[in-house]
Amino acid sequence: IMDEIKLGIQYAFQTQNPLTLAVSGTGHCAMEAAFVNMVEQGDKVLIAVNGIWGERATDIAKRLVIFFQVSQNIMEQKPSVGKKCSFCFHRDCMHQVKCSPSVYLNTHKRFRHKEHWRGADVYQLMKAPGEYFTLEEIERNLVQHTPILFFITHGESSTGVVQPLDGLGELCHSVPNKFSPIETTEIDVVYSGSQKVLSAPPGASPISFSMRARYHHTAPINTFFGLREGLAILAEQGLENFWTRHKETSLYLCEGLQKLGLQLFVKKLEARLPTITTISVPKGYDWKEVTEYIMKNHGIEVSGGLGPSAGKVFRIGLMGYNCTKFNVDRVLHALEDALQHCLKNKL
């Protein structure tokens, strides 16, 4: 099963990279795994932010720090010869701090009642929600900051933007760094969530690294069976057929929304994410009232905005098994009904 999951993820990501696996956890766990395996103390990190996932990546990168406080009485104690250190579990070590044993720090120096931080030097490349980054903008910031890692979101689900990746890996690797690329895309680390287009249970997130590393953990077996089935369906239907179906269904949805007089949040067609469509909340409507009406009367969940798009948009997801024109017709009918019955805010 594990070998089949690995092959399935390699197919989905179009890579032969041997370090391809599923992390036990949701997409946030995969994001954190990417950072903690790539970033070391003092490394410069550049993060492209045009929605909530860039913001979350910034939070994680900034929190890749270890906080510990050294106690005076601990400092005055001598290490016991022959006994294992409660911090690093090695014998005769000179560690004299209290800290979580799940992280490693070089703490042989003696500190007294101070707060110490360890982490990356994080820079942000900002863009308004609903827009994507150009290669020229990225190149300027790469040259300016010379980061060891550049993070960018391919599918920004909070705003419904898809980020073009063509030429991005090559551009990043033109700036000196310590990692080697994944095949022709030259992407070093790629991850996703299992519950989206793969229609598998959440809790097992595909991830692939371009460099050698070791990773071992106790896997959620039942979730992995679901992930394996989702990857098998992807392989049976074909990756390009998956792409085509999602693109065509998304266009069908966008056309229907515009016929209802609704405005799409992402203005440029090429920037719209096929799996998540964002619609500007019409003036005078309460987005929550509309989504609650649709759920109550039609049994369909239409989400509100997330992060920078909160209160501004409706979000409609068409992913995997759910991505059909039949479902598009259902949600269009539900939206039309809700807009007719939900009272506008007269203020």
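An account of the accompanying structure is given in this report. (Residues numbered from 1 in each chain as written. Predicted model: local features only at pLDDT ≥ 70, side-chain atom pairs only at ≥ 80, totals over all residues. Heavy atoms only, no water.)

Here we come to the sheet that holds strand β1 (residues 20-24). Each strand in a sheet pairs with another by means of backbone hydrogen bonds, the pair being arranged parallel or else antiparallel. Pairing is antiparallel across the open sheet formed by three strands, whose spatial order is β1-β10-β9. Edge positions in the sheet fall to β1 and β9 (189-191), since each has one partner strand and no second. Going from strand to strand, the sheet's axes swing by 25° on average, the running direction of each strand aside. Relative to strand β10 (residues 204-209), β9 is paired through three bridges, and the arrangement is antiparallel. The residue bridging valine 189 from the neighbouring strand is phenylalanine 209, located in β10. On top of the sheet, helix α1 (residues 2-13) reaches β1, β9 and β10; it is set at about 105° to β1, its chief contact. Across the sheet, helix α7 (residues 221-237) lies against β1 and β10, angled at about 70° from β10, the strand it touches most. (Pairing = 2+ DSSP bridges. Helix = DSSP H or I, 4+ residues; strand = E, 2+ residues; numbered from the N terminus. Axes fitted to C-alpha atoms, helices over the stretch in contact; angles between N-to-C directions. Contact = heavy atoms within 4.5 Å.)

Contact geometry for helix α2 (residues 27-38) and helix α3 (residues 52-62): axes closest at 10 Å, N-to-C directions at 50°. With respect to each other, α2 and α3 are oriented oblique. Here α2 runs over α3; the crossing is right-handed. Facing α2, whose interface residues are His28, Met31, Glu32 and Phe35, α3 presents Trp53, Arg56, Ala57, Ile60 and Ala61. Classifying every residue of the contact of α2 with α3 by side-chain character gives six nonpolar, one polar and two charged. (Parallel < 35°, antiparallel > 145°, perpendicular 65-115°, else oblique. Left-handed = near helix turned anticlockwise from the far one by under 90°. Nonpolar A, V, L, I, M, F, W, Y, C, P; charged D, E, K, R; others polar.)

Our next topic: the packing of α1 against α7. Contact geometry of α1 with α7 gives a least axis separation of 9 Å together with a crossing angle of 45°. In terms of axis orientation, α1 runs oblique to α7. The hand of the α1/α7 crossing is left-handed. Side by side, α1 and α7 meet where Met2, Glu4, Ile5, Gly8, Ile9, Tyr11 and Ala12 of the first sit next to Phe224, Leu227, Arg228, Leu231, Leu234 and Ala235 of the second. Taken together, the residues that form the contact of α1 with α7 break down as ten nonpolar, one polar and two charged.

Right, let's get into the pattern of salt bridges. All told, the structure shown has three salt bridges when counted by the stated rule. For arginine 228, the salt bridge is made with glutamate 4, and the minimal N-O distance between the two is 2.7 Å. With arginine 228 in helix α7 and glutamate 4 in helix α1, this pair connects stretches of sequence that are 224 residues apart. A relative accessible area of 39% places glutamate 4 in the partly exposed class. Here glutamate 229 ties to arginine 228 by a salt bridge, and the two come within 3.8 Å at their closest N and O atoms. Here the residues in one salt-bridge network are Glu4, Arg228 and Glu229, joined through shared partners. (Salt bridge = Lys/Arg side-chain N within 4 Å of Asp/Glu carboxyl O. Buried < 20%, exposed > 50% of the residue type's maximum accessible area, 1.4 Å probe, protein only.)

Attention shifts here to the packing of aromatic side chains. The tally for this structure, following the rule as stated, stands at one aromatic pair. Seen from their ring centres, phenylalanine 35 and phenylalanine 151 are 5.7 Å apart, and the 25° between their planes marks the pair as stacked. Here the residue phenylalanine 35 occupies a position in helix α2, and phenylalanine 151 occupies one in strand β6 (residues 149-151), the gap between them amounting to 116 residues. Look at phenylalanine 35 and you get buried, because its relative accessible area is 2%. Its relative accessible area of 9% is what places phenylalanine 151 among the buried residues. One Lys or Arg, arginine 245, reaches over the ring of phenylalanine 242 and ends 5.0 Å from the middle of that ring. Over the ring of tyrosine 252 we find lysine 325, and its NZ or CZ is 5.2 Å from the ring centre. (Phe/Tyr/Trp six-rings, centres within 6.5 Å; stacked < 30°, edge-to-face > 60°. Lys NZ or Arg CZ within 6 Å of the ring centre and 35° of its normal.)

Here the focus is the side chain of threonine 153. Following the sequence through the fold, threonine 153 ends up in the loop between β6 and β7 (155-156). With sequence-adjacent residues up to four places away left out, threonine 153 is seen in contact with Trp53, Gly54 and Gln163.

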